[in-house]
Amino acid sequence: MSAMAPARTESDLSFLLDHTSHVLRTRIAAALAEIGLTARMHCVLVHALQEERTQIQLAELGDMDKTTMVVTVDALEKAGLAERRPSTTDRRARIIAVTEKGAELAARSQAVVDGVHRAALESLPGKDREALLAALNLLVGGHLSTPIPAPQTARRARESTR
(Lines give C-alpha, C1' and ligand atoms only; values in the text may rest on other atoms or scores of the structure.)
Protein backbone atom coordinates (compact mmCIF):
# COMPACT_ATOMS: atom_id res chain seq x y z
CA MET A 1 0.00 0.00 0.00
CA SER A 2 1.43 3.38 -0.94
CA ALA A 3 0.82 6.57 0.95
CA MET A 4 -0.77 9.43 -0.91
CA ALA A 5 1.35 12.52 -1.32
CA PRO A 6 0.02 15.54 0.53
CA ALA A 7 -1.93 17.99 -1.61
CA ARG A 8 -0.03 21.16 -2.46
CA THR A 9 -1.90 24.24 -1.26
CA GLU A 10 0.48 26.86 -2.67
CA SER A 11 2.58 27.25 -5.78
CA ASP A 12 6.07 25.82 -5.32
CA LEU A 13 7.84 29.18 -5.14
CA SER A 14 11.16 27.54 -4.22
CA PHE A 15 11.11 25.41 -7.38
CA LEU A 16 10.05 28.31 -9.59
CA LEU A 17 12.77 30.62 -8.30
CA ASP A 18 15.46 27.91 -8.18
CA HIS A 19 14.72 26.64 -11.67
CA THR A 20 14.59 30.05 -13.34
CA SER A 21 17.71 31.14 -11.45
CA HIS A 22 19.57 27.99 -12.47
CA VAL A 23 18.67 28.34 -16.14
CA LEU A 24 19.50 32.05 -16.11
CA ARG A 25 22.92 31.32 -14.54
CA THR A 26 23.67 28.65 -17.16
CA ARG A 27 22.77 31.05 -19.97
CA ILE A 28 24.95 33.76 -18.46
CA ALA A 29 27.83 31.30 -18.01
CA ALA A 30 27.58 30.18 -21.64
CA ALA A 31 27.42 33.75 -22.94
CA LEU A 32 30.38 34.88 -20.80
CA ALA A 33 32.42 31.84 -21.88
CA GLU A 34 32.19 33.16 -25.44
CA ILE A 35 34.29 36.17 -24.39
CA GLY A 36 36.63 34.14 -22.17
CA LEU A 37 35.18 34.87 -18.74
CA THR A 38 33.40 32.97 -16.00
CA ALA A 39 30.54 34.48 -14.02
CA ARG A 40 32.89 34.75 -11.02
CA MET A 41 35.50 36.60 -13.06
CA HIS A 42 32.81 38.98 -14.32
CA CYS A 43 31.58 39.54 -10.77
CA VAL A 44 35.06 40.35 -9.47
CA LEU A 45 35.88 42.72 -12.33
CA VAL A 46 32.62 44.66 -12.10
CA HIS A 47 32.67 45.00 -8.31
CA ALA A 48 36.37 45.87 -8.22
CA LEU A 49 35.73 48.67 -10.72
CA GLN A 50 33.00 50.20 -8.56
CA GLU A 51 35.34 51.10 -5.72
CA GLU A 52 38.55 49.98 -4.04
CA ARG A 53 37.79 46.59 -2.54
CA THR A 54 39.85 43.89 -0.92
CA GLN A 55 39.82 40.29 -2.02
CA ILE A 56 37.78 39.43 1.08
CA GLN A 57 35.18 42.11 0.31
CA LEU A 58 34.90 40.91 -3.28
CA ALA A 59 34.55 37.30 -2.12
CA GLU A 60 31.65 38.32 0.13
CA LEU A 61 29.93 40.25 -2.66
CA GLY A 62 30.30 37.29 -5.02
CA ASP A 63 29.38 34.69 -2.40
CA MET A 64 32.70 32.90 -2.90
CA ASP A 65 34.82 31.05 -0.40
CA LYS A 66 38.47 32.10 0.04
CA THR A 67 39.88 29.30 -2.12
CA THR A 68 37.52 30.03 -5.01
CA MET A 69 38.31 33.73 -4.77
CA VAL A 70 42.07 33.11 -4.87
CA VAL A 71 41.72 30.87 -7.93
CA THR A 72 39.51 33.48 -9.63
CA VAL A 73 41.91 36.35 -8.95
CA ASP A 74 44.87 34.20 -10.03
CA ALA A 75 43.10 33.59 -13.36
CA LEU A 76 42.34 37.31 -13.76
CA GLU A 77 45.98 38.17 -13.05
CA LYS A 78 47.27 35.53 -15.46
CA ALA A 79 45.01 36.96 -18.18
CA GLY A 80 46.22 40.50 -17.46
CA LEU A 81 42.75 41.64 -16.38
CA ALA A 82 43.44 42.48 -12.73
CA GLU A 83 46.24 42.64 -10.19
CA ARG A 84 46.68 42.63 -6.45
CA ARG A 85 47.90 46.00 -5.12
CA PRO A 86 48.37 47.57 -1.69
CA SER A 87 45.29 49.42 -0.46
CA THR A 88 45.45 53.20 -0.40
CA THR A 89 43.54 53.29 2.90
CA ASP A 90 44.97 50.30 4.80
CA ARG A 91 48.57 49.36 4.18
CA ARG A 92 47.98 45.87 5.61
CA ALA A 93 45.30 45.13 3.03
CA ARG A 94 45.62 44.31 -0.65
CA ILE A 95 42.99 45.31 -3.15
CA ILE A 96 42.09 43.90 -6.53
CA ALA A 97 42.80 46.53 -9.17
CA VAL A 98 41.35 46.08 -12.64
CA THR A 99 43.71 46.75 -15.54
CA GLU A 100 42.70 48.76 -18.60
CA LYS A 101 42.27 45.49 -20.52
CA GLY A 102 40.14 44.17 -17.62
CA ALA A 103 37.96 47.30 -17.59
CA GLU A 104 37.32 46.94 -21.33
CA LEU A 105 36.38 43.29 -20.90
CA ALA A 106 34.18 44.12 -17.87
CA ALA A 107 32.21 46.57 -20.03
CA ARG A 108 31.75 43.84 -22.65
CA SER A 109 30.81 41.24 -20.05
CA GLN A 110 28.27 43.57 -18.43
CA ALA A 111 26.67 44.09 -21.85
CA VAL A 112 26.55 40.28 -22.26
CA VAL A 113 24.89 39.79 -18.85
CA ASP A 114 22.46 42.64 -19.52
CA GLY A 115 21.60 41.01 -22.85
CA VAL A 116 20.79 37.68 -21.20
CA HIS A 117 18.62 39.45 -18.63
CA ARG A 118 16.92 41.50 -21.34
CA ALA A 119 16.14 38.40 -23.41
CA ALA A 120 14.59 36.67 -20.40
CA LEU A 121 12.47 39.68 -19.51
CA GLU A 122 11.46 40.34 -23.12
CA SER A 123 10.05 36.80 -23.28
CA LEU A 124 7.26 38.13 -21.04
CA PRO A 125 4.51 40.53 -22.06
CA GLY A 126 5.36 44.07 -20.91
CA LYS A 127 2.75 44.19 -18.16
CA ASP A 128 3.88 40.82 -16.75
CA ARG A 129 7.55 41.89 -16.94
CA GLU A 130 6.83 45.00 -14.89
CA ALA A 131 4.76 43.00 -12.39
CA LEU A 132 7.47 40.34 -12.01
CA LEU A 133 10.21 42.89 -11.39
CA ALA A 134 8.04 44.86 -8.97
CA ALA A 135 7.10 41.71 -7.03
CA LEU A 136 10.69 40.41 -6.85
CA ASN A 137 11.95 43.81 -5.70
CA LEU A 138 9.27 43.84 -2.98
CA LEU A 139 10.36 40.38 -1.80
CA VAL A 140 14.07 41.25 -1.89
CA GLY A 141 13.47 44.49 -0.01
CA GLY A 142 10.95 43.04 2.40
CA HIS A 143 9.90 39.56 3.48
CA LEU A 144 12.85 37.76 1.83
CA SER A 145 15.50 40.43 2.43
CA THR A 146 17.49 38.59 5.08
CA PRO A 147 18.27 34.90 5.38
CA ILE A 148 17.51 33.30 8.71
CA PRO A 149 19.95 30.94 10.39
CA ALA A 150 19.19 27.35 9.51
CA PRO A 151 19.88 24.56 11.99
CA GLN A 152 23.04 22.63 11.17
CA THR A 153 22.39 19.00 10.44
CA ALA A 154 24.52 16.59 12.37
CA ARG A 155 27.03 14.71 10.25
CA ARG A 156 27.85 11.15 11.00
CA ALA A 157 31.43 10.61 12.08
CA ARG A 158 33.53 8.66 9.65
CA GLU A 159 34.20 5.13 10.67
CA SER A 160 37.75 3.99 11.02
CA THR A 161 38.95 1.73 8.21
CA ARG A 162 41.33 -0.18 10.45
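Given the structure is predicted, the values throughout are model-derived calculations rather than measurements.

**Quick word on the overall build of the chain**
Along the chain, the regular secondary structure elements total six helices and two strands. Scanning the chain from its N terminus toward the C terminus, one meets helices and strands in the order α-α-α-α-β-β-α-α. At 21 Å, the chain has a C-alpha radius of gyration far larger than the 15 Å of a compact globule built from 162 residues. Oriented by its inertia axes, the alpha-carbon framework of the chain measures out at about 65 × 65 × 30 Å. Residue burial in the chain is summarised as follows: out of 162 residues, 24% are buried.

**Regarding helix α5 (residues 100-122)**
With 23 residues, α5 should reach 33 Å at 1.5 Å per residue; the first-to-last C-alpha distance of 33 Å fits that figure. Three or more residues of α5 are buried, namely G102, L105, A106, S109, V113 and V116. The elements touched by buried residues of α5 are α1 (13-33), α2 (39-50) and β2 (94-98).

**Remarks on the nonpolar core**
Counting residues in each nonpolar core, the largest one holds 24 residues, and the members touching the most others are L37, V44, L45, M69, L76, L81 and I96. Of all the secondary structure elements, the ones that give two or more residues to this core are α1, α2, α3 (55-61), α4 (66-78), β2 and α5. Among the elements that make up this core, the one with the highest residue count is α2 (five residues). In this structure, L45 is in contact with L37, L76, L81, A82, V98, G102 and A106, ignoring residues within four places of it in sequence.

**Here's the deal with the UniProt feature "domain: HTH marR-type" (unreviewed entry) in the chain**
The UniProt entry lists residues 10-141 under the feature "domain: HTH marR-type" (unreviewed entry), expressed in the numbering used here. For the annotated span residues 10-141, helix accounts for 70% and strand for 8% of the residues, and the straight-line distance between the end C-alpha atoms is 22 Å.

**Brief notes about the pairing of β2**
In terms of burial, β2 is a largely internal element, four of the five residues being buried. The sheet contact formed by strand β1 (residues 82-86) and β2 spans five bridges and is antiparallel. Bridge pairing in β2 links R85 to I95.

What counts and what doesn't
- Residues numbered from 1 in each chain as written.
- Predicted model: local features only at pLDDT ≥ 70, side-chain atom pairs only at ≥ 80, totals over all residues.
- Heavy atoms only, no water.
- Helix = DSSP H or I, 4+ residues; strand = E, 2+ residues; numbered from the N terminus.
- Rg over C-alpha atoms; globule rule 2.2 N^0.38 Å.
- Buried < 20%, exposed > 50% of the residue type's maximum accessible area, 1.4 Å probe, protein only.
- Expected span 1.5 Å × (residues − 1).
- Contact = heavy atoms within 4.5 Å.
- Core = buried A, V, L, I, M, F, W, Y, C linked by side-chain atoms within 4.5 Å.
- UniProt positions renumbered as here; feature names shortened; annotations may be inferred.
- Pairing = 2+ DSSP bridges.

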